[in-house]
Amino acid sequence: MKFRAQMKDPLYMREFQNIIATLSKLSKDCLMILGAQQMHLIVNEDQSSTSSPLVWVSIAATEYFPEYVMEAAHPDQDYIVLIMSSANLGRALSFLRGGGANSCKLKLQRIQFPCISVACSLLSTSSTEARDVLYDVPVTIIPASDWPTYVVPRVPPSQLALVLPSLRLLRSLIDKLKNMSPSLEFQANSDGELNVVATSEMSTVTSRFKRLLPRFLSADNDREASCLVDSRKASAFFTALQLANEELTIAIDREHSIHLQIDVRKDVMLHSILPAVCA
Amino acid sequence: MKYTLEGTNARVMAKAVQSLSKLGKELFIEIEQQGLQMRAINATQSAVGSIFFRRSMFEVFDKPPYSDFYCKISMKCCLAVFRNMSEVEYCELNLIDNQNSLQVNLRCKLETTKEATISIIDDQNINTNIDTAQRSNILLGDHKLFMDISNIFNSTEEELTLEANADSLVAKNYIEGTRVNDKFMRTQLKLKPKEFDRYQVIKNTVITFCIKEFRAFLLFGECLNASLSLEFDDAGSPCMLKVKKHGEIECLLIMSTLSPDDVSFSHDYCQQDLTVHQKDMRAAASKRKSSTPGPSVQQKRRQQDVQAEIDSSMESPLFQFRPSEAPSVQQARILAEVDTVVLIEDEAEAEALMLAAADAVQEACRLAPPKAVPEPAATPPLPNSTEVCFYNTDDVPATQSPELSPDVHGDDDESIPQSPERVPQMRTIFSRCFQSTYVPREPSPNSQAYAPNSDTED
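Residues numbered from 1 in each chain as written. Chains lettered and ligands numbered in written order. Predicted model: local features only at pLDDT ≥ 70, side-chain atom pairs only at ≥ 80, totals over all residues. Heavy atoms only, no water.

- Per an unreviewed UniProt entry, the recorded name for chain B is Cell cycle checkpoint control protein, and the organism is Drosophila madeirensis.
- Looking at the Sequence similarities (unreviewed entry) heading of the UniProt record, one finds this comment for chain B: "Belongs to the rad9 family." (UniProt positions renumbered as here; feature names shortened; annotations may be inferred.)

- Named according to an unreviewed UniProt entry, chain A is Checkpoint protein originating from Drosophila madeirensis.
- The Sequence similarities (unreviewed entry) comment attached to chain A in UniProt states, word for word, "Belongs to the HUS1 family."
- Taken from UniProt, the Subcellular location (unreviewed entry) comment for chain A reads in full: "Nucleus".

**Topic: the overall build of chain B**
Reasoning step 1: Broken down by element type, chain B carries 7 helices and 20 strands.
Reasoning step 2: Here chain B holds 458 residues, and 46% of them are scored as buried.
Reasoning step 3: Taking all contacts inside chain B whose residues are at least 6 apart in sequence as the whole, residues at least 24 apart take part in 69%.
Reasoning step 4: For chain B, the exposed surface amounts to about 24200 Å²; the carbon and sulfur share of it is 50%. (Helix = DSSP H or I, 4+ residues; strand = E, 2+ residues; numbered from the N terminus. Buried < 20%, exposed > 50% of the residue type's maximum accessible area, 1.4 Å probe, protein only. Contact = heavy atoms within 4.5 Å. Areas by Shrake-Rupley, 256 points an atom, 1.4 Å probe, with all protein chains shown as cover.)

**What about the nonpolar core?**
Reasoning step 1: Judged by nonpolar contacts, the single largest core of 156 residues is most densely connected at Phe-16, Leu-41 and Val-118 of chain A together with Phe-53 of chain B.
Reasoning step 2: The leading source of residues in this core is helix H1 (residues 7-21) of chain B, at 7 residues.
Reasoning step 3: For this core, the two domains that each supply at least three residues are domain 1 (2-149) and domain 2 (160-275) of chain A.
Reasoning step 4: Setting aside residues up to four positions removed in sequence, Phe-53 of chain B forms contacts with Val-12, Met-13, Ala-16, Gln-34, Gly-35, Leu-36, Met-38, Phe-58, Glu-248 and Ile-249 of chain B.
Reasoning step 5: Residues Ile-42, Trp-56, Ile-142 and Trp-147 of chain A belong to the second largest nonpolar core, which totals 11 residues. (Core = buried A, V, L, I, M, F, W, Y, C linked by side-chain atoms within 4.5 Å. Domains from an automatic or database assignment.)

**Focus on the pattern of salt bridges**
Reasoning step 1: Going through the model one piece at a time under the given rule, you end up with 19 salt bridges over all chains.
Reasoning step 2: Lys-72 of chain B serves as the salt-bridge partner of Glu-26 of chain B, at 3.7 Å between the closest nitrogen and oxygen. Placement of the pair is Glu-26 of chain B in strand S2 (residues 26-31) and Lys-72 of chain B in strand S6 (residues 69-74), with a sequence separation of 46 residues.
Reasoning step 3: You can call Glu-26 of chain B partly exposed: its relative accessible area is 30%.
Reasoning step 4: Residues Lys-172 of chain B and Glu-163 of chain B are paired through a salt bridge, measuring 2.8 Å at the closest nitrogen-oxygen approach.
Reasoning step 5: Taken together, the shared-partner salt bridges in this structure form one network comprising Arg-131 of chain A together with Asp-148 and Glu-195 of chain B. (Salt bridge = Lys/Arg side-chain N within 4 Å of Asp/Glu carboxyl O.)

**Focus: the pairing of strand S6 (residues 80-85) of chain A**
Where a strand is regular, its side chains alternate between the two sheet faces.
Residues and elements named next belong to chain A.
Reasoning step 1: Judged from the 6 bridges that link them, strand S2 (residues 29-34) and S6 form a sheet pairing that is antiparallel. Directly across from Cys-30, in S6, lies its bridge partner Met-84.
Reasoning step 2: In this sheet, strand S9 (residues 130-141) lies alongside S6 in antiparallel orientation, the contact comprising 3 bridges. By the bridge assignment for S9, Leu-82 is matched with Ile-141. (Pairing = 2+ DSSP bridges.)

**Describing the sheet that holds strand S19 (residues 249-255) of chain B**
Residue and element names in this part refer to chain B.
Reasoning step 1: Strands sit in the order S6-S2-S3-S4-S19-S18-S17-S11-S15 across an open sheet of 9 strands; the sheet is antiparallel. For this open sheet the edge positions go to S6 and strand S15 (198-200), each flanked by a neighbour on one side alone. Each neighbouring strand pair of the sheet contributes to a mean axis angle of 15 degrees, computed without reference to strand direction.
Reasoning step 2: By the bridge criterion, 4 bridges tie strand S17 (residues 227-232) to strand S18 (residues 239-245) in an arrangement that is antiparallel. Looking across to S18, one finds that Leu-228 is bridged to Val-243. (Axes fitted to C-alpha atoms, helices over the stretch in contact; angles between N-to-C directions.)

**With respect to the sheet that holds strand S15 (residues 224-230) of chain A**
Residues and elements named next belong to chain A.
Reasoning step 1: Reading across from one edge, S13-S12-S11-S15 is the order of the 4 strands in this open sheet, with antiparallel pairing throughout. The two strands at the open ends of the sheet, each matched to only one other strand, are strand S13 (204-209) and S15. Averaged over all adjacent pairs, the angle separating strand axes in this sheet is 15 degrees, with direction ignored.
Reasoning step 2: In terms of strand pairing, strand S11 (residues 183-189) meets S15 through 7 bridges, oriented antiparallel. The residue of S15 that forms the bridge with Leu-184 is Val-229.
Reasoning step 3: On the sheet, helix H4 (residues 167-177) packs against S11, strand S12 (193-199) and S13 and is oriented at approximately 175 degrees with respect to S13.

**As for the packing of H1 of chain B against helix H4 (residues 211-224) of chain B**
Residues and elements named next belong to chain B.
Reasoning step 1: Interaxial distance between H1 and H4 falls to 8 Å at its minimum, and their mutual angle equals 165 degrees. By the angle between their directions, the pair H1 and H4 is classed as roughly antiparallel. You can see that H1 and H4 cross each other, and the crossing is right-handed. Counting all contacts with H1, which are made through Val-12, Lys-15, Ala-16, Ser-19 and Leu-20, the residues of H4 involved are Ala-216, Phe-217, Leu-219, Phe-220, Cys-223 and Leu-224.
Reasoning step 2: Its residues assigned to classes, the contact of H1 with H4 comprises 9 nonpolar, 1 polar and 1 charged. (Parallel < 35°, antiparallel > 145°, perpendicular 65-115°, else oblique. Left-handed = near helix turned anticlockwise from the far one by under 90°. Nonpolar A, V, L, I, M, F, W, Y, C, P; charged D, E, K, R; others polar.)

**Topic: empty space enclosed by the protein**
Residue and element names in this part refer to chain B.
Reasoning step 1: Enumeration over the complete set of coordinates arrives at 5 cavities of 30 Å³ or more.
Reasoning step 2: Reported here for the second largest cavity is a volume of approximately 110 Å³.
Reasoning step 3: Every residue lining the second largest cavity is counted, 15 residues in all, and those nearest its centre are Ile-29, Leu-36, Met-38, Leu-93 and Leu-102.
Reasoning step 4: Here the element with the most residues in the lining of the second largest cavity is S2; it accounts for 3 residues. (1 Å grid on protein atoms, 1.4 Å probe; cavity = no way out; pocket = protein on both sides within 12 Å on 5 of 7 lines; lining within 4 Å. Points joined across faces, edges and corners; volume = space filled by probe spheres on them.)

**Notes on unusual backbone geometry**
Residues and elements named next belong to chain B.
Reasoning step 1: Positive phi values are uncommon outside glycine, yet Asp-97 reaches one of about 60 degrees.
Reasoning step 2: Note that Asp-97 resides in the loop between strand S7 (88-96) and strand S8 (101-108).
Reasoning step 3: Backbone geometry at Asn-225 places phi at a positive 60 degrees, although glycine is not the residue there.
Reasoning step 4: Residue position: Asn-225 is located in the loop between H4 and S17.

**So, the packing of aromatic side chains**
Reasoning step 1: In the structure shown here, the tally under the stated rule is 16 aromatic pairs over all chains.
Reasoning step 2: Plain terms: the ring middles of Phe-95 of chain A and Tyr-135 of chain A are 6.5 Å apart, the flat faces sit at 35 degrees to each other, and that makes the pair tilted. Here Tyr-135 of chain A lies in strand S9 and Phe-95 of chain A lies in the loop between helix H3 (86-92) and strand S7 (101-111), a separation of 40 residues in the sequence.
Reasoning step 3: On the basis of relative accessible area, Phe-95 of chain A is assigned to the partly exposed category, the value being 26%.
Reasoning step 4: On the basis of relative accessible area, Tyr-135 of chain A is assigned to the buried category, the value being 2%.
Reasoning step 5: Consider the rings of Tyr-3 of chain B and Phe-61 of chain B, whose centres lie 5.0 Å apart with planes at 65 degrees: the pair is edge-to-face. Here Tyr-3 of chain B is found in strand S1 (residues 2-6), whereas its partner Phe-61 of chain B is found in strand S5 (residues 60-61), with 58 residues between them in sequence. Here the two residues Tyr-3 of chain B and Phe-61 of chain B agree in accessibility, since each one is buried.
Reasoning step 6: One aromatic cluster is present, formed by Phe-3, Tyr-12, Phe-16, Tyr-64, Phe-65 and Tyr-68 of chain A through successive ring pairs.
Reasoning step 7: A cation over an aromatic ring shows up here: Arg-186 of chain B above the ring of Phe-113 of chain A, its NZ or CZ 4.8 Å from the ring centre.
Reasoning step 8: Between Arg-186 of chain B and the ring centre of Tyr-174 of chain B, over which it is positioned, the NZ or CZ distance is 5.8 Å. (Phe/Tyr/Trp six-rings, centres within 6.5 Å; stacked < 30°, edge-to-face > 60°. Lys NZ or Arg CZ within 6 Å of the ring centre and 35° of its normal.)

If you want it as C-alpha cells, here you go:
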C-alpha cells in the first residue's frame, strides 16, 4: 500500500488548504478515498449529523499534484480508503495559506501506526533559509471488506439547475433566515429566478434572485422545481466555505434534495447535498 | 520604602507579572541593592522564572536599610492590580504597615488614581542551587524565531523536545523512538544553525521540557523585543532561557528536562515506510515468537537498576525554599505521555499480523467459489483495523488464514455443517462485550506517573 503526492504551485496549495479548511469546519472526521487518478474527500457521509450537511470534494490528481503515486494494498484493488481527523489535516496544511511554502509532500507511512506525513518546505519572511515542517496525521485505514459502507456520493438527478454568480449574498441571507424558520424553501424557475422562502408564524420572507442562468437537467422541459430543506444545514454549509471562488450551481430535485456544486477549477469540484425535510 | 516607575516601565513590569503568573500561584519579590527581582515557581517545582529590574529603571528606589528584603504575595492579587495598564502614567510601590503590606498606586490619565493594597503572605524566597553560568550548548536567537518554533505546536501541547545537532535543530512534540498515542499528531520543525544569532552545540543532545513555561517567558521576550538565549547541557540537567534587555532587565527561566532514564525507547517506533508486504510480516513474526524474549526483558531489568539510582539522587530537590526548611515534596519529574512497559514490540507485530490475516480471510471468502460446505471455523472473529482489540498474550489466535481443506467433501453425510462464521461489521458498538477477556496491553498512555515506582520488589 503506497501513496505519495507532491504539490509545488503556491496557488494550488492555497486552494487545497482552503478546501481542507472548509471540510474541517463541517465535521471532525474526514474520509479520503484515493483512486488512481482522483482524490475524494468526504465529510458527513452517513448524514447522521443534524446540523452539518454531506459535502464531498473530487479532485483530479493531475490538477494539484504534479507527482501522484497510488498503489492499493492488493493488486486488484482500486482504492485506498482512509479516515482521519479533518482538524489535524487542516493544521498540518495551515502553512500553505500564507503563500510562503515552497513545496508540500504527502506520504502514507506506518510509524507505529498508519499516518499521512505532510512535509512542507517553508520560506518564512523573517528567515532566508528554508525550513522543513513535518506533521504526521494519524489515519485509520479501512480494509476492502468495509468499502461498501464508504462510497463517493452520487450527484442526485435534478430537474432544474441555476447558476448563482456570487454566493456572498446568499450566505448572509441564509445566516439571517435560519433564525426565523427551521426550514427554507428554494424555488427555481426556468426564467432564471431563484426564490428563497422562509416561513414563520408571524411572517413569510421571500428573497428573489433574478436573471440567473438556468440549466435543464431532466429530459422533460420542466418550468420550475422547488424543495424544502433544513436551514441549519444550509447555513452550516455556507458558513464553512473558505474558498475564493464565488460561483455556485444550485440543482433542485423536486421534493427530494438540493445539490450544491462549486467548481473550484476544472476537475476540482465541491458538492453538497441538502436533503428535503417535511414542512 | 518607596519605589516608583514611570508609565512605560510600569507597563513592562505589568507584562512581567503576567508572564510569571503563567508559572506559579505566588509572586516572590526580592529587593536588593542593585534592583528588584520577581520570581515564581511552578506547582511541580520543575521550573523557576525570575525577572530582575535594575535600579536604573526606577525613578525612586529606596535601598533596603539592613539586608535584602523578601516577600511573597498572591499572584491573583497582582494580576488584578496590573491588569489594565494602558492608561497608567506613573506607578508607585510602597511597603507600608511595618512591611506587612504592599501598596500599589497607579496614577492614570485624566487625574485618575488607582490604589491597591496587597498583603504580604510571608517572607519566603526561592533559592536555586543551579549554576547559572553558561552551559555547553547555547542557542541565541531573535524572539520571532522562538515564536515560530512555539507556534507550529498546538496550544494544548505539553512538552517540547529539541534535538540539537551540529548542523540542524529539530523541534518536536514527541521523543523519537518512544511510543505515542494512536491519535497523536506528531509535529516537527527543522531549523538550520544559520537562523540563530549564535548556535553553539558541542555534543548532539536531545532535551525535553515543558512548553507552557517556555511560552510564558517567550511572551515576555516578545514584548521586550529582545533576543532569547537557550542554554542546556544534556537530557536530565536543567536548561535555562535567558532574556537580556539593555542591561536593565534580566530574565532567567530554569526548567528541568526529562531524564533519558524515564523514557522507554524502541527501534520499532522510529520512522519506517509502509511498504512491507503482508506475507513478509507474517514470516518475520513467527520467527520472533519462537525466539527467547531477549532484548525486551533485559531492557526492563536495566530499567529497574536505574530506578534504584534515581531514588538516591532525588534526595536534594532542584529548588529550595528559604528559610531553609526542606520542602516535603520531592522534585516531581516531568514524564512524557509514554508508559514504561516494554513488552510492546511483539504485540504490535501480533496485531499487525491479525490485521493481515483478517484481510486475507476476507479475500479468501470473496474469491472462493460459493460452496455448500462452509470452511471450518478455525479462528475467533478476527478484528478489523479500526476495532480496538485486546487479547490475552497467551492465546493469540493462529496467524494462518483458514484453508478450505479438500477432505471436508467426504464428510458431508456424517458431519453437520457448522454455522457460518459471523463476519464482524465495521462499527460494532459493544465490541468488548463479545471478547473473551479484556486485558489492557499496557497502562494507558494517558496515565502520568509523577514519581518513579519506589517499590523495590516491582
